[in-house]
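Each chain, letter by letter, is given below.
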Amino acid sequence: MAAWRERLAGVRGVLLDISGVLYDGGAGGGVPIAGSVEAVARLKRSPLKVRLCTNESQKSRRELVGLLRRLGFNVSEGEVTAPAPAACQILRARGLRPHLLIHEGVRSEFDQIDTSNPNCVVMGDAAEGFSFQNMNKAFQVLMELENPVLISLGKGRYYKETSGLMLDVGAYMKALEYACGIEAEVVGKPSPEFFKSALQEMGVEAHQAQ
């Protein structure tokens, strides 16, 4: 106990991953990992600030929080940092109009974004949407641009569901990078800017977080 007190000295906030840490996705939405509901509840009762930091790009924040609540977690949308809303901020700031290669579950996050005459591609974990036709369309959009911009919502290789390991967006991101001779801009973990955004939303400095 003393060792933990020493380790947490000066810590004001905690960043928590979601998928594979709090729950494993799957049929019916998934299942919480043993002890995770109680752990989050204890953290939220403590003086520490808590923020959930996720690369989830198949669900909107509203849908994700709804799932977590059904699994027993007491969380709100305002406590979640996710890549789709962060990407929307970037698109607006830079005047970018994306061609979207994303899962239908997260499309609502981009409802207020102009997607006419695309000048970039935004991709997330599209799952079954990663067909040849859809990948090739994204490739064509990028190749027609003088300065192609590819924004990826995370770059994970795979993730775990109750049915087994699932291929993630990173593999498809690498395919477009290779085909187009470009480097994607990653919005989400492990991007330092993504973590900085989460810390700013918590109101703590990096050295004050675990």
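For the structure given in this document, a descriptive report is provided here. (Residues numbered from 1 in each chain as written. Predicted model: local features only at pLDDT ≥ 70, side-chain atom pairs only at ≥ 80, totals over all residues. Heavy atoms only, no water.)

Quick notes on the environment of K196
If you trace the backbone, K196 turns up in helix α7 (residues 192-202). With 10 residues separating them along the chain, K196 and A206 place their C-alpha atoms 7.7 Å apart. (Helix = DSSP H or I, 4+ residues; strand = E, 2+ residues; numbered from the N terminus.)

Remarks on the nonpolar core
Among the nonpolar cores identified, the biggest contains 20 residues, and L91, L96, F110, V122, I151 and L153 are the most heavily contacted of them. Secondary structure elements with two or more residues in this core: α4 (83-94), β7 (120-123) and α7. If you tally residues by element for this core, the top one is α4, at 5 residues. Setting aside residues up to four positions removed in sequence, I151 forms contacts with I90, L91, L96, V121, V122, M123, E185 and V187. Counting 19 residues, the second largest nonpolar core, distinct from the first, contains V50, L68, F73 and A82. (Core = buried A, V, L, I, M, F, W, Y, C linked by side-chain atoms within 4.5 Å. Buried < 20%, exposed > 50% of the residue type's maximum accessible area, 1.4 Å probe, protein only. Contact = heavy atoms within 4.5 Å.)

Section: the sheet that holds strand β11 (residues 185-186)
Strand order in the open sheet made by the 4 strands is β6-β7-β8-β11, with parallel pairing throughout. Two strands in the sheet have a free side with no partner beyond their single neighbour: β6 (98-101) and β11. Of the strands in this sheet, β6, β7 and β8 (150-152) are in contact with helix α5 (residues 132-143), which crosses β6 at around 160°. (Pairing = 2+ DSSP bridges. Axes fitted to C-alpha atoms, helices over the stretch in contact; angles between N-to-C directions.)

Here's the deal with the packing of α5 against helix α6 (residues 169-180)
For the pair α5 and α6, the least separation of the axes is 10 Å and the interaxial angle reads 40°. When the axes of α5 and α6 are compared, the pair comes out oblique. As for how α5 packs across α6, the hand of that crossing is right-handed. Taking contact as the criterion, the partners of M135, A138, F139, L142 and M143 in α5 are, on α6, Y172, A175, L176, A179 and C180. (Parallel < 35°, antiparallel > 145°, perpendicular 65-115°, else oblique. Left-handed = near helix turned anticlockwise from the far one by under 90°.)

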